Amino acid sequence: MLGLGRWLEKRYPAYARVLYSGGFASAYFVTFATHYIPFTRIFTNPAPTLLLLAAVVAAWAGVAQWRQSRLMAMFVTVLGHLTVLLSTLTLEMPSRFAVAGLVVLCVGSAFFLWRNHWYAVAFIGSAGNYLNYFIWLVKNPTPGTSLDFWAAMGVLTLFYVLFAGAEILSPQPFRRAAPLWFRSLFVTANTAGYFALGTLLVADFPFTEPYQHVFRLALGAALIGFAAGYAWLRERDPLHNVYAAKGAAAVALGLAAWFSGDMLTAWLAIEMVALLYASRQSGFASTRVLAFVMAIVALFHGLYAACVEGVLAYADAGFGHALAAGAVSVAVFYIASIFYQRTDWRTRSTQTLPFGIALNALLWNLDLVTEAPEGRSRKPFDGLLFPYGYAFAGTLLLMVYLHRFIDTPSVPPSAALSALALTACAWVLRSKPMGLMALACGAASLLGGTLGASAGQSSAPAWLGACGLAALALTALASEQQYVKKREGLAFHQAPLAPYLLYGAAAWLTALYWLEHFEAMDDVVLMSLTALALAGLMHVLHPAALAWSAAGLYAVAANCCLSIEPTGLPAAFLPAGMWYNRLIMAFVAAGLAGGWYFGFFKSKHHANGPGGLVLLASWCVALRYGGYLAPDWDWMPAYLLAVPLLYLAYGAALRTPFAFLLSLLAAIPLTAFLLALPLIPPTELYAHAVITALGLAAAFWIAIERLLAFSKKAGRKTLAASGSAVALASLLLAILCSRIPALRDYYLTICWTGLAAALFAVSFAFRQRFYRYAGLGVFALAIVRVVFIDTRQLDAFPRVGAFAVLGGVLLAVAFGYTKAIAHLATPREHQEP
């Protein structure tokens, strides 16, 4: 067959190669039979047979190489491995010479790969080597000595190194000609086979079983070495990405076998930074992508480990190690954020890639290509997408570890201290991501403190709580651009809304601290004093944020006042003139003063908002407790009417529209109550209180009308409001007359007539027609009373006389009214003196 193949080679080269393969195959099987087939055995010792087999394989491989026949190489590889497989399966105790045969076949396959880049031959050889070696290990159990282990691992490593080395050392034209996907598949299969058999070997020996991590870490180091070789020795061959990915995965698996829980999270995070550093040094985008992936793995593993292992107390075993590992994990994520931000990835990224516009835009946003897509000039987050991501992951782990290692009440002040530490780092390192995370920690402190207070949890130790409040205050000071100047890392602190968050959080947590540690009016006094201090600081610090914080504290103090039931206090505290009532009055007075203060020192940022909040809070307290100053319930409406009059006078004096509105909101329901008094039977005991209340209500609405009359904004709405105020005042005065005990029968009619005349006089004095209309209305009410009530008991003749007198009075009034109207219609400059 060999001779015939040689003779027909020139005319039929393909058929000649088949003849060559058949001839060598026959020679191979005949040689194999000289020992391994009982009926044809010639040599009792397998050594001569193995040597002859090696010679046949070598000759076969030589001819395949000489004739550049890939088909012959595939035949010799397949038949060689089939022979080893048959010898392993048929013999009771497979000889170690089978391993030598595998080594020879491995060398041959690697040679074909190195010399000719025949990946199909190498792929078959790799699969046959690992499969045959696995079967041989199963059929030939080792004694378990260290020599056996190192021998078995050495052979396995030789397989891997020969195939991997043949690929990396093959000539460049051959490597470039092969499809990349097939090369990647080959190195992947080679690595997978080695990893699987190596793991089984390490697990099979008692003295190596605990060291799975050593094998995996060593494999990871070797894979990274191959990646470096492809990168620097083979002109950045694309396979360096494949090896780098497998190396990172192997290192991660080694760490997973070595560590667990929080310690594994820490080492995964360290591997992430190592990959970032490698990417910075080499400029390879693949290792940077691997760092992103490793960051995600480390983050989710940290969260998972925290959920599984739960909260750890100081006395628990392993608390110190877990705490140290958690601290390292958080610190490494922050280091990654700074490291990524300080690296110019544009010089370490590909100019562009042959992808579509959308994919290239995505890669540009991820810093993986440097050429900006058309129409795009700015990256998301100013090019700091990943620094923000790393910093966010570190902060998320920080919050989880705070809840895990610290008792729940101590978490809010600890988060505040973390905010201060991150603020300092952002300032020194000029890191905007860390500055943003500092604000996030401040928000977490605010949320945790609020939820803890609402759940009734006990607070942290006094010293820790004080430290947390001080930390929030110092963090808020970083927003004062006038003192700390504009700094890149404090950009978020110096954003428009940040001071409100920071100062507001500090003020709110201070209020919660007072509420927990003090009772009754003590916390009201302390919060009021704190609000006073903040109001004073608004002249040297952020005015708007301090103003709103002070106003918010005052509002919280007002809510505390509203929650105290005066009837629940001791009886000695209730009478007017005692300390409780004086304290309430002082609190309301402070609110009025605060409204003026914030209005007087208002800035363009907060306008009248804080002043309005303070006025609203004091108004609620005044209405809540104003009635308790009354000696009894009958006088409560009169005492409550002092509130709208007070706020009306305040609004008029300081020209505060909001105080004017508050006075109306308080007066309207009280007025509605007083207008319903005719439905309530009058009593002597009730008269004085009712008369006083009606008089105060009428005075209020007359004052409203006067203020509207002096207003510069005259219009239909103002006229309608003035008419309504005059009508309400007139009705209240009419009801007041009816509630005077001395005014009975026709005396009430005379009183109403006098009231109508007074309204006419006021109309002439103020030149306000609504008072005339009101006077006419009251006068008509008097006439109705005369006709239907006062004259009902008179006889016919006296009734006729009374109507005659009434008619004369009406004529006189009509004449006077007409003359007064004509007088009012004449301009002042044309009237007679």
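All values derive from a computational prediction rather than experimental measurement.

> What exactly am I supposed to notice about the overall build of the chain here?
A count of helical and extended segments in the chain gives 32 helices and zero strands. Within the span of the chain, comprising 833 residues, buried residues form 46% of the whole. Intrachain contacts of the chain at a sequence separation of at least 6 include 70% that bridge at least 24 residues. Total accessible area on the chain stands at roughly 40,800 Å², and carbon and sulfur atoms take up 71% of it.

> What is the right way to look at the nonpolar core in this model?
The nonpolar side chains of a soluble globular protein tend to be buried with one another. In terms of nonpolar packing, the biggest core is built from 112 residues, with Tyr133, Tyr243, Met272, Phe333 and Tyr390 touching the most fellow members. Sort the elements by how many residues they give to this core and helix α7 (residues 146-169) lands first, with eleven residues. Beyond its immediate chain neighbours, meaning those up to four positions away, Phe333 contacts Ala269, Met272, Ala295, Ala298, Leu299, Tyr390, Ala393, Gly394 and Leu397. Among the nonpolar cores identified, the runner-up in size contains 48 residues, and Ala476, Ala498, Ala545 and Val588 belong to it.

> Mind showing me how you'd approach the pattern of salt bridges here?
A side chain with one charge can pair with a side chain of the opposite charge if their charged atoms come near. Inspection of the entire model under this criterion finds three salt bridges. Ionic pairing is found between Asp262 and Arg404, a salt bridge with its closest N-O pair at 2.5 Å. Of the two residues, Asp262 is situated in helix α12 (residues 261-282) and Arg404 in helix α16 (residues 385-405); the sequence distance between them amounts to 142 residues. Summarising the burial analysis for this pair, Asp262 and Arg404 share the class buried. The salt bridge partner of Glu705 is Arg706, with a shortest N-O separation of 2.8 Å. For Glu705, a relative accessible area of 0% gives the class buried. One connected set of salt bridges, linked through shared partners, spans Asp262, Glu309 and Arg404.

> Before we go on, may I ask you to explain the packing of helix α11 (residues 239-258) against helix α13 (residues 285-309) in this structure?
For any two helices packed against each other, the geometry is given by the interaxial angle and the distance between the axes. With their axes 9 Å apart at the nearest point, α11 and α13 run at an angle of 30 degrees to one another. On the basis of their axis angle, the class for α11 and α13 is roughly parallel. When you trace α11 past α13, the crossing you get is right-handed. Across the interface between the two elements, His240, Asn241, Ala244, Ala245, Ala248 and Ala252 from α11 touch Ser286, Thr287, Leu290 and Met294 from α13. Among the residues forming the contact of α11 with α13, the class breakdown is six nonpolar, four polar and no charged.

> What am I meant to see in the environment of Gly198 here?
The residue Gly198 is located in helix α9 (residues 180-204) in this model. Residues Gly198 and Phe215 lie 17 residues apart in sequence; the distance between their C-alpha atoms is 7.7 Å. With near-sequence residues (within four places) excluded, Gly198 lies in contact with Met153, Leu156 and Phe215.

> Help me out: how do you make sense of a nonpolar patch on the surface in this one?
A cluster of nonpolar residues, Tyr12, Tyr15, Val18, Leu71 and Phe75, forms a patch on the protein surface that exposes about 480 Å² of accessible area. Residue assignment for the nonpolar patch shows that the elements contributing at least two residues are α2 (13-36) and α4 (70-90).

> Can you walk me through the packing of aromatic side chains in this structure?
Geometrically, a pair of aromatic rings is defined through the distance of the ring centres and the angle of the planes. Tallied over the entire structure, the rule returns 32 aromatic pairs. With a centroid separation of 6.2 Å and an interplanar angle of 80 degrees, the aromatic rings of Tyr388 and Phe492 are classed as edge-to-face. Placement of the pair is Tyr388 in helix α16 and Phe492 in the loop between α20 (481-484) and α21 (498-517), with a sequence separation of 104 residues. Put simply, the rings of Tyr160, Tyr194, Phe195, Phe215, Phe226 and Tyr243 pair up and form one aromatic cluster. Lying across the ring of Tyr625, Arg624 places its NZ or CZ 5.1 Å from the centre.

> Help me understand empty space enclosed by the protein, please; the structure alone is not making it clear to me.
Leftover empty space is mapped by rolling, across the atoms, a probe with the size of a water molecule. Overall, the coordinates contain three cavities of 30 Å³ or more when judged by the stated rule. By volume, the largest cavity is sized at about 60 Å³. As for the largest cavity, its lining consists of ten residues, of which Val76, Thr77, Leu105, Gly108 and Ser109 are closest to the centre. Those elements that provide at least two residues to the lining of the largest cavity are α3 (46-66), α4 and α5 (97-116). Of the residues forming the lining of the largest cavity, the biggest block, five residues, is contributed by α5. A breakdown of the residues in the lining of the largest cavity according to their chemical character gives six nonpolar, four polar and no charged.

> Teacher, can you tell me more about α21 here?
For α21, which comprises 20 residues, the first-to-last C-alpha distance of 29 Å matches the rise-based estimate of 28 Å (1.5 Å per residue) to within 8%. The complete set of buried residues in α21 reads Ala498, Pro499, Leu502, Tyr503, Ala505, Ala506, Ala507, Leu509, Thr510, Ala511, Leu512 and Trp514.

> Honestly, the packing of α12 against α13 in this entry has me stumped. Any pointers?
Running from N to C, α12 and α13 cross one another at 170 degrees; their axes reach a closest spacing of 8 Å. Our classification of the angle between α12 and α13 gives roughly antiparallel. Residue composition of the contact of α12 with α13, by class: 14 nonpolar, seven polar and four charged.

Reading the values: the criteria
Throughout this description, residue numbers start from 1 for each chain and increase along the sequence as written. In keeping with the model being predicted, local features are shown solely for residues with a pLDDT of at least 70 and side-chain atom pairs are shown and tallied solely at 80 or more, while totals for entire chains, interfaces and linings include all residues. As a rule here, side-chain values cover all heavy atoms of the structure and leave hydrogens and water aside. For the purposes of this entry, the term helix denotes a DSSP run of H or I that reaches at least four residues, the term strand denotes a run of E that reaches at least two, and both are numbered from the N terminus. Here the term buried applies to any residue with accessible area under 20% of the maximum for its type, exposed to any over 50%, and partly exposed to those in between, with areas from a 1.4 Å probe on protein chains only. Whether two residues are in contact is decided by their heavy atoms, any of which lying within 4.5 Å being enough. Note that accessible areas follow from Shrake-Rupley with a 1.4 Å probe, and for residues the cover is restricted to the protein chains shown. In this text, buried Ala, Val, Leu, Ile, Met, Phe, Trp, Tyr and Cys residues form a nonpolar core when linked through side-chain atoms within 4.5 Å. Note on definitions: salt bridges are taken to be side-chain nitrogens of Lys or Arg within 4 Å of carboxyl oxygens of Asp or Glu. The angle between two axes is taken between their N-to-C directions and runs from 0 to 180 degrees, where each axis is a line fitted to C-alpha atoms and a helix contributes only its stretch in contact. Angle categories are assigned with fixed cut-offs, so that under 35 degrees is roughly parallel, over 145 is roughly antiparallel, 65 to 115 is roughly perpendicular, and the rest are oblique. Take the far helix as the reference: if the near one is turned anticlockwise from it by less than a right angle, the crossing is left-handed, and if turned clockwise, right-handed. By the convention adopted, Pro, Cys, Tyr, Trp, Phe, Met, Ile, Leu, Val and Ala count as nonpolar, Lys, Arg, Asp and Glu as charged, and the other residues, Gly among them, as polar. Residues enter a patch when their relative accessible area is above 30% and they make no salt bridge; the linking distance is 9 Å between like charges and 5 Å between nonpolar side chains (Val, Leu, Ile, Met, Phe, Trp, Tyr). Side-chain rings of Phe, Tyr and Trp (the six-membered ring for Trp) are treated as a pair once their centres are within 6.5 Å; stacked means planes under 30 degrees apart, edge-to-face means over 60, and tilted covers the remaining angles. For a Lys NZ or an Arg CZ to count as sitting over a ring, it must be within 6 Å of the ring centre and within 35 degrees of the ring normal. We place a 1 Å grid over just the protein atoms. Points where a 1.4 Å probe fits but has no way out form a cavity, open points with protein on both sides within 12 Å along at least 5 of 7 lines form a pocket, and any residue with an atom within 4 Å of a point lines it. Grid points are joined across faces, edges and corners, and a volume is the space filled by probe spheres set on the points. Helix span, as expected, comes to 1.5 Å for every residue beyond the first.

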